[in-house]
Protein chains: 2
Amino acid sequence: MHEAFMALAVEEAEKAGKIGEVPIGAVIVHDGRVIARGHNLRETSQNPLTHAEVLAIDRASAVVGSWRLEACTLYVTLEPCAMCSGAIIMSRIPHVVYGARDPKGGTVDSLMRLLDEPRFNHRAEVTSGVLEDTCSNLLTSFFKNLRKKHKK
Amino acid sequence: MHEAFMALAVEEAEKAGKIGEVPIGAVIVHDGRVIARGHNLRETSQNPLTHAEVLAIDRASAVVGSWRLEACTLYVTLEPCAMCSGAIIMSRIPHVVYGARDPKGGTVDSLMRLLDEPRFNHRAEVTSGVLEDTCSNLLTSFFKNLRKKHKK
């Protein structure tokens, strides 16, 4: 089941990649139904807040009509950064599923464990490595192509 | 000079308090000019992202036309949380000035030091305690009034 929802997050990531954005995608699931999707739009929007997770949380809270996304699961292709981990905490999302690790900026497992911080007023369960290779390959080939373009 | 800009952040916090929101306010200054303001709107908007800092960063990036807020200073009445600290890092804001500490959720000095984390690709200079008593008293009296109302 995690794989099916992650595949939708991968679809979102591919939408980002097609418009020259770093391919990262997210979906939010509520009662077994996708209620929000998002993909990285930082360069297109020129807005630092437009990470896949933040866009999905923004939409999900509009759908649910609450800042509390308590019955939701967030699927995201890449391990969340500090901003997105914070947004997950602020929205009380109880379960986060991610694909690939981000050794440079990930704050769920790699650099620190913000979603498992006992001093915060919310912690999230984490499932990692779902469709890891697909999520990771998307990023690797995006950056490989980018370097090729820059060489030309 | 810090006090004058923080006084504008306090004005924002007061706007939040007047509509029943926890009184937290922020302004972003670019070249000595306020380019964005924001106040906490979490209950009004029912959106977990609508912290004062995030709203101000959202507007500032629209004004500057870039996700990089490199020549900006963020003034905020309360020490930023993890989400807002992350948004500061993502937007490359070089200088953050805050008023009161947040011992429960602050991630600049209190619980951790996200803006001074050598493994992130951005760090921000921090000035704390500017108009600290004013910023702190706003929050204390807001919560005191809330408790009074709940007793009635």
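Attention here is on the structure that accompanies the text.

Procedures and definitions
- Residues numbered from 1 in each chain as written.
- Chains lettered and ligands numbered in written order.
- Predicted model: local features only at pLDDT ≥ 70, side-chain atom pairs only at ≥ 80, totals over all residues.
- Heavy atoms only, no water.
- Least-squares fit on C-alpha atoms with pLDDT ≥ 70 in both.
- Contact = heavy atoms within 4.5 Å.
- Pairing = 2+ DSSP bridges.
- Helix = DSSP H or I, 4+ residues; strand = E, 2+ residues; numbered from the N terminus.
- Axes fitted to C-alpha atoms, helices over the stretch in contact; angles between N-to-C directions.
- Salt bridge = Lys/Arg side-chain N within 4 Å of Asp/Glu carboxyl O.
- Buried < 20%, exposed > 50% of the residue type's maximum accessible area, 1.4 Å probe, protein only.

1. Let's talk about the relation of the copies chain B and chain A
Placing chain B over chain A gives an RMSD of 0.0 Å and needs a rotation angle of 180 degrees, together with 0.0 Å of translation along the axis. Here the transformation between the copies is reduced to the relation of a two-fold axis. When each C-alpha of chain B is compared by its distance to the rotation axis, M83 of chain B comes out closest, at 2.2 Å. The fraction of interface residues of chain B whose copies in chain A are also interface residues reaches 100%, indicating that both copies meet through the same surface.

2. Considering the sheet that holds strand β2 (residues 33-39) of chain B
Residue and element names in this part refer to chain B. Reading across the sheet, the five strands line up as β2-β1-β3-β4-β5 and stay open at both edges, with mixed pairing between neighbours. Pairing within the sheet leaves two strands with one partner each, and these edge strands are β2 and β5 (125-128). On average, each strand axis in the sheet is inclined to that of its neighbour by 20 degrees, with strand direction left out of account. Across five bridges, strand β3 (residues 72-78) lies against strand β4 (residues 95-100) in parallel orientation. Note that in β4 the partner of T73 across the bridge is H95. Seen against the sheet, helix α1 (residues 2-18) touches β1 (25-30), β2, β3, β4 and β5 and runs at an angle of roughly 140 degrees to β1. This element, helix α5 (residues 132-151), spans β3 and β4 of the sheet and lies at about 60 degrees to β4.

3. Here's the deal with the pattern of salt bridges
Enumeration over the complete set of coordinates arrives at eleven salt bridges over all chains. We note a salt bridge from E12 of chain B to K15 of chain B, for which the minimum N-O separation is 2.7 Å. Note that E12 of chain B and K15 of chain B are positioned in helix α1 at a spacing of three residues, about one turn of the helix. K15 of chain B sits in the partly exposed class, given a relative accessible area of 39%. What you see here is one network of salt bridges that share partners, running through E12, K15 and R37 of chain A.

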